[in-house]
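A closer look at the structure
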Amino acid sequence: MNTFLDYFIISIAMGTLGRFYLLRVDYRQYPSYPRGVIMHLTFGFIGAALGSIAVPALIAKDFAAVTFLALAAEQFRNIRTMERENLNNIEDYELVPRGKSYIEEIAKIFEARNYIVAITSLATSMLLYIFDQIVAGIVGGMVVLIILKLFMKGQKIQDIAKVRIGKIWFKNALLYVDDVVIMNVGLKEARERIIKTGIAVVLEPVDENASITLSNIGQRQAIIHDAIAQVGIKKDLDEPDFTPLARRNINNGNLMVVFYPSIQDEKALLRAVRYAPVLESSRRKPSESGAAYSKE
């Protein structure tokens, strides 16, 4: 009984510590408040407990207890729904919205992190019973956690595009970045403010796959929101002329974005854009499709 209890506690501890390790509190602000942190650590503890109980239940031939894993899957789906609803509820109060694609990406990441917790606890528990050594279980659990975290690591914009500063200029009332028309700006005061505070960023896709990925509307909005979260924005409500816009050069696939950052630092803005995530829902790989190169 003592061995079972010891192994159960160790497995739960590994899973809970794994959730703490995966907890991101950064400029994205998910979560950056005490109640959010406590909530996710609690969900991690529950997931770790459900993952830890599976192996001893099988050893005891209590197959009904293994159904707790199905309960864990349902619990994690609820976490995804909760995160989606929370972010949707505050979306209307953002000066620059995240967009539905980015919100869904965040919700999926939170769900996946709890699956990692359950798998880490399950692996730790299994190794403890196989080798009957605490060190083997802890080391094995850490290896599984690190491998799964690396597997979850997604691409960033710098992996699919070259990012540089573009030239902002006007032709009459038309706002241009390099040779692409962004929008029509009627007021002279607005044009002067754009010239003074605007910084244009050009994303040059490295291949056809990247070009199609950057054409996705949700991906564009995620880039804009992520950058603004780090460098701020010089606009207030009811100032549509100063909302960051992204326009695509249909000839070469380049994406032009005009920002009005509070931190007037081109290097900081470029860094923010480069580190923006590539959304799973926007990723396209036509080069791997036979249809893309069909001669028919």
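All of the points below concern the structure found in this document. Being a predicted model, the structure only gives us computed values, none of them experimental.

**Thoughts on unusual backbone geometry**
With a phi angle near 55°, Asp-132 is a residue other than glycine that sits in the positive phi range. Structurally, the position occupied by Asp-132 is in the loop between helix 5 (100-131) and helix 6 (134-152). Residue Asp-132 is classed as exposed on the basis of its relative accessible area, which comes to 52%. Phi is positive for Asp-178, which is not a glycine, with a value near 55°. For Asp-178, a relative accessible area of 22% gives the class partly exposed.

**Points about the pattern of salt bridges**
If you walk through the whole model with that rule in mind, you get 9 salt bridges. Between Asp-178 and Arg-164 there is a salt bridge, with the nearest N and O atoms lying 3.0 Å from each other. Of this pair, Asp-178 sits in the loop between strand 3 (174-177) and strand 4 (180-184) while Arg-164 is found in strand 1 (residues 161-166), placing the two residues 14 residues apart along the sequence. One network of salt bridges, in which partners are shared, links Arg-80, Arg-84, Glu-104 and Glu-111.

**Some thoughts on the sheet that holds strand 1**
If you walk across this open sheet you meet the 4 strands as 1-5-7-6, and the pairing is antiparallel. The sheet is open, and its two edges are formed by strand 1 and strand 6 (245-248), each paired on a single side. Strand-to-strand, the axes of this sheet are offset by a mean angle of 20°, without reference to chain direction. Alignment of strand 1 against strand 5 (residues 199-205), held across 6 bridges, turns out to be antiparallel. Of the residues in strand 5, the one forming a bridge with Val-163 is Leu-203.

**Re the nonpolar core**
Counting residues in hydrophobic clusters, the biggest one holds 27 residues, and the most contacted among them are Ile-157, Val-201, Leu-203, Phe-259, Leu-269 and Val-273. Secondary-structure elements contributing two or more residues to this core are helix 7 (157-160), strand 1, strand 5, helix 9 (208-214), helix 10 (217-231), strand 7 (255-259) and helix 11 (266-274). Among all residues touching Val-201, those that are not within four sequence positions of it are Val-163, Arg-164, Ile-165, Gly-166, Leu-255, Met-256, Val-257, Phe-259, Leu-269, Leu-270 and Val-273. Counting 16 residues, the second-largest nonpolar core is a separate cluster that includes Val-177, Ala-190, Phe-242 and Met-256.

About the cut-offs
Residues numbered from 1 in each chain as written. Predicted model: local features only at pLDDT ≥ 70, side-chain atom pairs only at ≥ 80, totals over all residues. Heavy atoms only, no water. Helix = DSSP H or I, 4+ residues; strand = E, 2+ residues; numbered from the N terminus. Buried < 20%, exposed > 50% of the residue type's maximum accessible area, 1.4 Å probe, protein only. Salt bridge = Lys/Arg side-chain N within 4 Å of Asp/Glu carboxyl O. Pairing = 2+ DSSP bridges. Axes fitted to C-alpha atoms, helices over the stretch in contact; angles between N-to-C directions. Core = buried A, V, L, I, M, F, W, Y, C linked by side-chain atoms within 4.5 Å. Contact = heavy atoms within 4.5 Å.

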